[in-house]
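What follows is the residue order along each chain.
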Number of protein chains: 2
Amino acid sequence: MNQSDELERRAGVALWLQIKEQLQSQILSGTIRPGTRLPPEPDLADQFGVNRHTVRRAIRALSDDGLVRAEQGRGTFVQEHGIDYLIGARTRFSENITRAHRDPRAELLASRDAPPDEVVAIGLGMAKSDLCLVMETRHFADGAPLSIATNYFPRSRFPDLEHHFLEHHSITAALRAVGIADYLRHVSRITARMPDEREAGHLRQAI
Amino acid sequence: MNQSDELERRAGVALWLQIKEQLQSQILSGTIRPGTRLPPEPDLADQFGVNRHTVRRAIRALSDDGLVRAEQGRGTFVQEHGIDYLIGARTRFSENITRAHRDPRAELLASRDAPPDEVVAIGLGMAKSDLCLVMETRHFADGAPLSIATNYFPRSRFPDLEHHFLEHHSITAALRAVGIADYLRHVSRITARMPDEREAGHLRQAI
DNA sequence: GTCCGCTAATAGTCTAGACGTATTTGGCGT
DNA sequence: ACGCCAAATACGTCTAGACTATTAGCGGAC
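One structure accompanies this document, and this report is about it. (Residues numbered from 1 in each chain as written. Chains lettered and ligands numbered in written order. Predicted model: local features only at pLDDT ≥ 70, side-chain atom pairs only at ≥ 80, totals over all residues. Heavy atoms only, no water.)

A word on the protein's contact with DNA strand D. With respect to spatial proximity, 26 residues lie near DNA strand D, and among them A:Arg52, B:Arg9, B:Leu15, B:His53 and B:Thr54 are the closest. Taking B:Asn51, its main chain carries an N or O atom lying 2.9 Å from a phosphate oxygen of DNA strand D. Contact between DNA strand D and B:Thr54: a phosphate oxygen at 2.6 Å from a side-chain N or O atom of the residue. Those elements that provide at least two residues to the surface near DNA strand D are α3 (52-64), β1 (68-71) and β2 (75-78) of chain A together with α1 (15-29) and α3 (52-64) of chain B. For the surface near DNA strand D, the residue count by class is six nonpolar, ten polar and ten charged. (Near = heavy atom within 4 Å. Polar contact = N/O pair within 3.5 Å; in protein donor to acceptor, adjacent residues only side chain to side chain. Helix = DSSP H or I, 4+ residues; strand = E, 2+ residues; numbered from the N terminus. Nonpolar A, V, L, I, M, F, W, Y, C, P; charged D, E, K, R; others polar.)

Right, here's the structure in full:
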């Protein structure tokens, strides 16, 4: 299928840019679906009738724009936007992100000790006089902020959970580090509302 | 000056990354000053003992990070950044500029003796009949004008502050010369407005 | 004195090829 | 059936060289 994708040589527009734009329009129009693999670089080079390096230059530009994601040894994939976030008893943020072939990471926005409010106290089976470790966390996929969360833990049971979290950048990994290999959701309650100003800032979102 | 900048080959770290990091640390430490031109790509390639393409890969990474700016036909320049001007009780113009690895200097635009207006009189605890030394100064970073200021001092306490200022090109140094080793800000009030014609001229600014 | 054009310097693009590294696949042996 | 190992596949890095595009500076023609 050589030369089906015509490029103009010495037209004042770099070949790699023309290639990038052709691929980009195919991606944006959905001709190449999110999650699918692009043809290997040597094939593309053959298709466009250029050197592999020229194709690589185009792919790097697409990658910089976040349209594709190149994985060494596997291929180059059209980036999915929007992640199907499956919620079950064993839901883990990292697993959901990893399933979408993206890189999960979390950071600690703030942590403090505070008495639990009624909902938390009942949920965790704590006395209201016991202290809670409250961690506010922000979660990223491929460096883009995706969610913020407020996590409550009985302080007496987790004396250094924050340190483990800071080290592993994951709640699941931090819990594993303190001996909790697995845990289940007891209830999941979902509501929706607009972010307030502080939350929007954390999510780099316009209000 | 070949090989003065040692790279580790096949150390698991790409050569271009090592080059990027060396250049980056020189830029961030101020060894290569903002606004100056980097050596041409062929020279850098020779210096690092690599191919020009490898240097280009490093420069592109720096460019992506906004640390340099490559201009075809002219060269690659270290990007000038605005200066973070920290204001605290012990703020000094020179320190703020020095922290940004730039060269502070101040000059005297005008000086005169005048009675203080009400705000100044109260601020300095002077009688309205006492005289103030009023110094209008202009401050530079690396030769570029950055700010103009009007400074008020009780004349009785500083009989020749102007001369010391002219000698040291710094308010802090002039005060030190008359025995004031340290001083604190009592209040800082910040407002913003457009410059008038005279001010714009001093700052070499278009209105 | 001004303008034009030539030349040198410098970054940008493209090709060609070799080798490195990560991942997947499939066959072979136990 | 399972696991291990080798080959195939795919992206990543590095080198070498040629050509292009843009800019700055200089010198000559007018």
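Continuing now.
A few words on α1(B). All names here are of chain B. Given a rise of 1.5 Å per residue, 15 residues ought to cover 21 Å, and the 21 Å separating the end C-alpha atoms of α1 matches this to within 8%. For α1, the set of buried residues is Leu15, Gln18, Ile19, Lys20, Leu23 and Ile27. Taken together, the buried residues of α1 touch α2 (41-48), α3, β1 (68-71) and β2 (75-78). Where α1 terminates, the next one or two residues include Gly30, which has phi positive at roughly 90 degrees. (Expected span 1.5 Å × (residues − 1). Buried < 20%, exposed > 50% of the residue type's maximum accessible area, 1.4 Å probe, protein only. Contact = heavy atoms within 4.5 Å.)

This part covers the environment of A:Gln24. Residues and elements named next belong to chain A. On the secondary structure map, Gln24 appears in helix α1 (residues 15-28). On the basis of relative accessible area, Gln24 is assigned to the partly exposed category, the value being 22%. With 41 residues separating them along the chain, Gln24 and Asp65 place their C-alpha atoms 9.9 Å apart. Excluding residues within four positions of it along the chain, Gln24 makes contact with Leu62, Asp65 and Leu67.

Turning our eyes to something else, we now look at the protein's contact with DNA strand C. For DNA strand C, the set of nearby residues contains 25 residues, the closest of which are A:Arg9, A:Leu15, A:His53, A:Thr54 and B:Arg52. Among atoms of DNA strand C positioned within 4 Å of the protein, sugar and phosphate together represent 69%. In this structure, a phosphate oxygen belonging to DNA strand C sits 2.9 Å away from a main-chain N or O atom of B:Glu41. Between B:Arg56 and DNA strand C, the recorded distance is 2.8 Å, taken from a side-chain N or O atom to a phosphate oxygen. Elements represented by at least two residues in the surface near DNA strand C include exactly α1 and α3 of chain A together with α3, β1 and β2 of chain B.

Another point: the packing of aromatic side chains. Residues and elements named next belong to chain B. All told, the structure shown has two aromatic pairs over all chains when counted by the stated rule. Consider the rings of Phe153 and Phe158, whose centres lie 5.7 Å apart with planes at 80 degrees: the pair is edge-to-face. The exposure class assigned to Phe158 is buried, which follows from its relative accessible area of 6%. Directly above the aromatic system of Trp16 lies the positively charged group of Arg57, at a separation of 3.8 Å from the ring centroid. (Phe/Tyr/Trp six-rings, centres within 6.5 Å; stacked < 30°, edge-to-face > 60°. Lys NZ or Arg CZ within 6 Å of the ring centre and 35° of its normal.)

Let's shift gears to the side chain of A:Glu136. Residue and element names in this part refer to chain A. Structurally, Glu136 can be placed in strand β4 (residues 132-141). Classification of Glu136 by relative accessible area gives buried; the value is 16%. Within the structure, Glu136 has its side chain in polar contact with the side chain of Arg112 (distance 3.3 Å). In this view, Glu136 contacts Glu107, Leu108, Leu109, Ala110, Arg112, Ala149, Thr150 and Arg198; residues no more than four positions away in its chain are not counted.

All names here are of chain B. Put simply, α2 and α3 touch, their axes get as near as 8 Å, and they point 105 degrees apart. Of the possible angle classes, the one that applies to α2 and α3 is roughly perpendicular. Touching Glu41, Pro42, Leu44 and Ala45 of α2 are Arg52, Val55, Arg56 and Ile59, all from α3. Its residues assigned to classes, the contact of α2 with α3 comprises five nonpolar, no polar and three charged. (Axes fitted to C-alpha atoms, helices over the stretch in contact; angles between N-to-C directions. Parallel < 35°, antiparallel > 145°, perpendicular 65-115°, else oblique.)

Residues and elements named next belong to chain A. At His169, a position not held by glycine, the phi torsion is positive, near 55 degrees. In this fold, His169 is placed in the loop between α6 (161-168) and α7 (171-177). You can call His169 partly exposed: its relative accessible area is 25%.

The next subject is α3(B). Residues and elements named next belong to chain B. Taking 1.5 Å of rise per residue, 13 residues should cover 18 Å, and α3 covers 18 Å from first to last C-alpha, within 8% of that figure. Taken residue by residue, α3 has Val55, Ala58, Ile59, Ala61 and Leu62 as its buried positions. Each buried residue of α3 lies within a common arc of 155 degrees when the element is viewed along its axis, so the set occupies one face. Exposed residues lying more than 90 degrees from the buried face of α3 are His53 and Asp64. Those residues of α3 hidden inside the fold are in contact with α1, α2, β1 and β2. Its side-chain oxygen at 2.9 Å from the backbone nitrogen of His53, Asn51 defines the N-terminal cap of α3. Phi turns positive, to about 80 degrees, at Gly66, one or two residues after α3. (Arc of directions from axis to C-beta.)

What follows deals with the environment of A:Arg69. Residues and elements named next belong to chain A. Note on placement: Arg69 falls in strand β1. A relative accessible area of 9% places Arg69 in the buried class. Sequence spacing of Arg69 and Leu38 is 31 residues, and the spatial spacing of their C-alpha atoms is 9.9 Å. Engagement of the side chain of Arg69 in a polar contact is seen with the side chain of Glu71, the distance being 2.6 Å.

Treat this as a map of the structure, not an account of what it does.
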